[in-house]
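For reference, the chains in residue letters:
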Amino acid sequence: MSAYLNDVADSEAPVPQFDDIQGLILRGYNFDYIRYLIFTIDANNVDGARELIGKLLPGSNSLLNITTAAPWPDDEKPPYCLNIGVTSFGLNLLIGQKNYTDVKFASFPLFSLYDGGAATNAASVGDTDDSAPVKWWKRSGGWQSPADPKPDGSDLHIQLTIYTQSEGERNTYYDKLMGMIPVKNNVPALTLAFLKDSNPLLTGINYIHFGYKDSFSQPRLSKVPWNTKQQRLLKGVSTIDDRPIVPPYQFVIQKKYKDDKENLVPNYYAHPLILNGSFAAFRLLYQDVKAFNAFINKTPGVDPALVAAKMCGRWFDGTPLVVSPNGPKEGLKDFDYTNFNYIEPTTNQQGVRENDSLGQLCPYASHIRRTNPRDDAAVVGNQNNPDGSLNYASTRRIMRRAGAYGPDYVEGEADGIQRGLVGLFICANLQSQFQFIMQSWITRNGFRTTDASPNASGFDPLFGPPNAKVDAYNEFAYLPDGSTKQPYEQIHGLERFIRTDGSLFLFLPGIAALKCLSQGIVPPTPKPTL
């Protein structure tokens, strides 16, 4: 038996086929220099696009290959990583309308959002007003095509991401990739439509422009070798990891099986083409640092770092409010930033270890509490989640692979400088994972109305309310020093600090599926069982 099978959420779950899964789905690469590319396929040379995919297949002996989830030899990073996603419009071109339709109807409900694309479903995730699709792409400074982007996103087909350890290497591998694109009648099979780089900020590695340290609390997957106690120990990481274990099928699309409780899981159907693949929302999110800084500095005599911590749920250095409400890392040593709950402290949780069921230490309005409620399954007197439903904290998770873009903010700089967050938000089911979090927990008015604070809007304070609702919901309330006994302070003037400047819904094919795409075919659709 493999050494890592003891760290499982479900003993009956199949071990992931690592060499058939793209690497970024199951692990973070931790490369500092990233380039995100979006291409348009020439409708007259779809065969050329298929040819490029074939060249990128692992083992093809070409200049660049797609990175799989297979463990790295001696756990040493490769010189680069490369991954690929395909929009529904691109998949339709690569495999043809009939094949696409067969795959869609055999993969319920996984195609429900993916099929129409991000622009069509923009309103359901809060992309309205100034974040509406009609305003996407060009204002970000990354648009490369001479033609204007189509409002429905139908001109965007393939997304490729290059991960490297230096700027020079990033440029080198980018040049190699562009040189691999087939050309027919002097027209490349794929034309670059969008490019955006992610670089480390001067604040530090894994920081975002608002000043927070980022990349905490990724889901802890079962049956992957880099999540075991043994591997954590070898890397010098504490062996204590109290995060709930999440089965891989929430991120890697797998066949149905009976789990250790005899339940038939996962709760979706999958055509053979999409097995070992995943779905992702590619997001380009502009961050208005000037407006954010003005808001947290609005109240004289109040530490802006405290206001920012109450808005996020963490201090700027990443320390969670629920374990250290009065300042970062108070009395904490060798702290694991992911090891905490909101209601019942985890076994090895440090800090104050208080039940925060009323959101007095960490407000329910805060960003991290609403995006991952952890053990919070009670709305004062009811065994329900903050949205009034059953506890979804363990099933409504996403795998976030994103980083900062644009230069560091400088006080007094000219307006219009583009900066923010860019990357992929990965899950098996876009509707029940990505859209649910965005719609029900981030942009829904009334996320939680039973906590002790006067926060009434229910909007995530980092994202802010949609423009049309600023006047109705423009306040943020918090306890000044983390005490549960003082009156709440309120700051008015809450606005939208994060704006969507681009979005795609992507399918991240497995390696076998990429081989099919390179040939324009799909595996046979299985016959329905009675």
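Residues numbered from 1 in each chain as written. Predicted model: local features only at pLDDT ≥ 70, side-chain atom pairs only at ≥ 80, totals over all residues. Heavy atoms only, no water.

**Student:** It is not clear to me how the overall build of the protein should be interpreted in this structure. Could you clarify?
**Tutor:** Summing up its helical and strand segments, the protein has 12 helices and 16 strands in all. By the burial criterion, 57% of the 530 residues in the protein qualify as buried. Excluding contacts between residues fewer than 6 apart, the proportion of contacts in the protein whose partners are at least 24 apart in sequence is 72%. Element-wise, carbon and sulfur atoms account for 51% of the exposed surface of the protein, whose accessible area totals about 21700 Å². (Helix = DSSP H or I, 4+ residues; strand = E, 2+ residues; numbered from the N terminus. Buried < 20%, exposed > 50% of the residue type's maximum accessible area, 1.4 Å probe, protein only. Contact = heavy atoms within 4.5 Å. Areas by Shrake-Rupley, 256 points an atom, 1.4 Å probe, with all protein chains shown as cover.)

**Student:** Just to check I follow, could you spell out the packing of aromatic side chains for this structure?
**Tutor:** Aromatic ring pairs are defined here through the distance separating the ring centres and the angle between the ring planes. Inspection of the entire model under this criterion finds 22 aromatic pairs. Here Tyr212 and Phe316 contribute two aromatic rings whose centre-to-centre distance is 5.0 Å and whose plane-to-plane angle is 45 degrees, an arrangement assigned as tilted. Taken together, the residues Tyr212 in the loop between strand E6 (190-198) and strand E7 (220-221) and Phe316 in the loop between helix H9 (304-312) and helix H10 (367-371) connect sequence positions 104 residues apart. Residue classification places Tyr212 among the buried positions, given a relative accessible area of 2%. On the accessibility criterion, Phe316 (26% relative accessible area) is partly exposed. Taken together, the aromatic side chains of Phe210, Tyr212, Phe292, Phe295, Phe316 and Phe497 make up a single cluster linked through ring pairs. (Phe/Tyr/Trp six-rings, centres within 6.5 Å; stacked < 30°, edge-to-face > 60°.)

**Student:** I would appreciate a short explanation of the environment of Arg419 in the present structure.
**Tutor:** Locating Arg419 in the fold gives a position in the loop between strand E12 (399-405) and strand E13 (420-427). By relative accessible area, which is 3% here, Arg419 ends up buried. A sequence separation of 279 residues divides Arg419 from Ser140, and the C-alpha atoms of the two residues are 8.3 Å apart. Those residues in contact with Arg419, other than ones at most four positions away along the chain, are His209, Leu285, Tyr286, Gln287, Val289, Tyr405, Gly406, Pro407, Asp408, Tyr409 and Glu413.

**Student:** What's the story with the layout of surface pockets in this structure? I'm lost.
**Tutor:** Where empty space is left becomes clear once a probe the size of a water molecule has been rolled over the atoms. Of the voids in this model, the second largest pocket is the one considered here, and its volume is about 570 Å³. Among the elements of the structure, strand E8 (245-246), strand E10 (264-265) and helix H11 (430-442) are those that each provide at least two residues to the lining of the second largest pocket. For the lining of the second largest pocket, the per-class residue count stands at 12 nonpolar, eight polar and five charged. (1 Å grid on protein atoms, 1.4 Å probe; cavity = no way out; pocket = protein on both sides within 12 Å on 5 of 7 lines; lining within 4 Å. Points joined across faces, edges and corners; volume = space filled by probe spheres on them. Nonpolar A, V, L, I, M, F, W, Y, C, P; charged D, E, K, R; others polar.)

**Student:** Teacher, can you tell me more about unusual backbone geometry here?
**Tutor:** Apart from glycine, the bulk of residues carry a negative phi angle, and the bulk of peptide bonds sit in the trans form. A cis amide bond links Phe108 with the next residue in sequence, Pro109, at an omega value of 0 degrees. Assignment of secondary structure puts Pro109 in the loop between helix H4 (97-105) and helix H5 (111-114). The step from Val265 to Pro266 runs through a cis peptide bond, and the omega angle for that step is -5 degrees. Within the element layout of this structure, Pro266 appears in the loop between E10 and strand E11 (278-287).

**Student:** Can you help me understand the packing of helix H8 (residues 289-296) against H9 in this one?
**Tutor:** Between H8 and H9, whose axes approach to 8 Å, the crossing angle comes to 110 degrees. In terms of their interaxial angle, H8 and H9 are classed as roughly perpendicular. Across from Phe292, Phe295 and Ile296 in H8, the residues of H9 making contact are Pro304, Val307, Ala308 and Met311. Class assignment of the residues belonging to the contact of H8 with H9 gives a composition of seven nonpolar, no polar and no charged. (Axes fitted to C-alpha atoms, helices over the stretch in contact; angles between N-to-C directions. Parallel < 35°, antiparallel > 145°, perpendicular 65-115°, else oblique.)

**Student:** Please explain the packing of helix H3 (residues 88-95) against H4 as it appears in this structure.
**Tutor:** Pairs of packed helices are described in terms of their axes, by the angle between the two and the distance that separates them. Interhelical geometry of H3 versus H4 gives an angle of 125 degrees and a closest axis separation of 6 Å. Between H3 and H4, the crossing angle belongs to the class labelled oblique. Within the contact between the two elements, H3 uses Ser88, Leu91, Asn92 and Ile95 and H4 uses Gln97, Asn99, Tyr100 and Val103. The class makeup of the residues in the contact of H3 with H4 is four nonpolar, four polar and no charged.

**Student:** Help me understand H3 in this model?
**Tutor:** Note that an α-helix has 3.6 residues per turn; residues three or four places apart therefore point the same way. For H3, every residue scored as buried is listed here: Ser88, Gly90, Leu91, Leu94 and Ile95. Buried residues of H3, viewed axially, fall in a sector of 155 degrees; they line one side. Two residues or fewer past H3, Gly96 is found with a positive phi of approximately 90 degrees. (Arc of directions from axis to C-beta.)

**Student:** Honestly, the nonpolar core in this entry has me stumped. Any pointers?
**Tutor:** A general trend in soluble globular proteins is that nonpolar side chains are found buried together. Residues Leu26, Phe282, Met311 and Phe434 are the most contacted members of the largest nonpolar core, which totals 148 residues. Residues contacting Leu26, with those up to four places away along its chain left out, are Pro16, Phe18, Ile21, Ala69, Leu221, Val224, Trp226, Val252 and Arg401. (Core = buried A, V, L, I, M, F, W, Y, C linked by side-chain atoms within 4.5 Å.)

**Student:** How do you make sense of the pairing of E11 when you look at a structure like this?
**Tutor:** Note on strand geometry: in a regular strand, side chains alternate between the two faces of the sheet. The element E11 is extensively covered by neighbouring structure, given that 10 of its 10 residues are classed as buried. In terms of strand pairing, E11 meets strand E16 (residues 498-508) through 10 bridges, oriented antiparallel. Considered in E16, the bridge of Leu284 is made with Gly502. Sheet analysis places E11 next to E13, joined by eight bridges and oriented antiparallel. Considered in E13, the bridge of Ala281 is made with Phe425. (Pairing = 2+ DSSP bridges.)

**Student:** Sorry if this is basic, but what is going on with the pattern of salt bridges here?
**Tutor:** When the charged atoms of two side chains with opposite charge come close together, those side chains can pair. In the structure shown here, the tally under the stated rule is 19 salt bridges. When the shortest N-O distance is used, the salt bridge between Asp75 and Arg27 registers 3.7 Å. Here Asp75 is found in the loop between helix H2 (46-56) and strand E2 (81-86), whereas its partner Arg27 is found in the loop between helix H1 (23-26) and strand E1 (33-41), with 48 residues between them in sequence. Here Asp75 falls in the partly exposed class, since its relative accessible area comes to 38%. Residue class for Arg27 comes out buried when judged on its relative accessible area of 7%. Note that Arg170 and Asp197 form a salt bridge whose closest N and O atoms lie 3.5 Å from each other. (Salt bridge = Lys/Arg side-chain N within 4 Å of Asp/Glu carboxyl O.)

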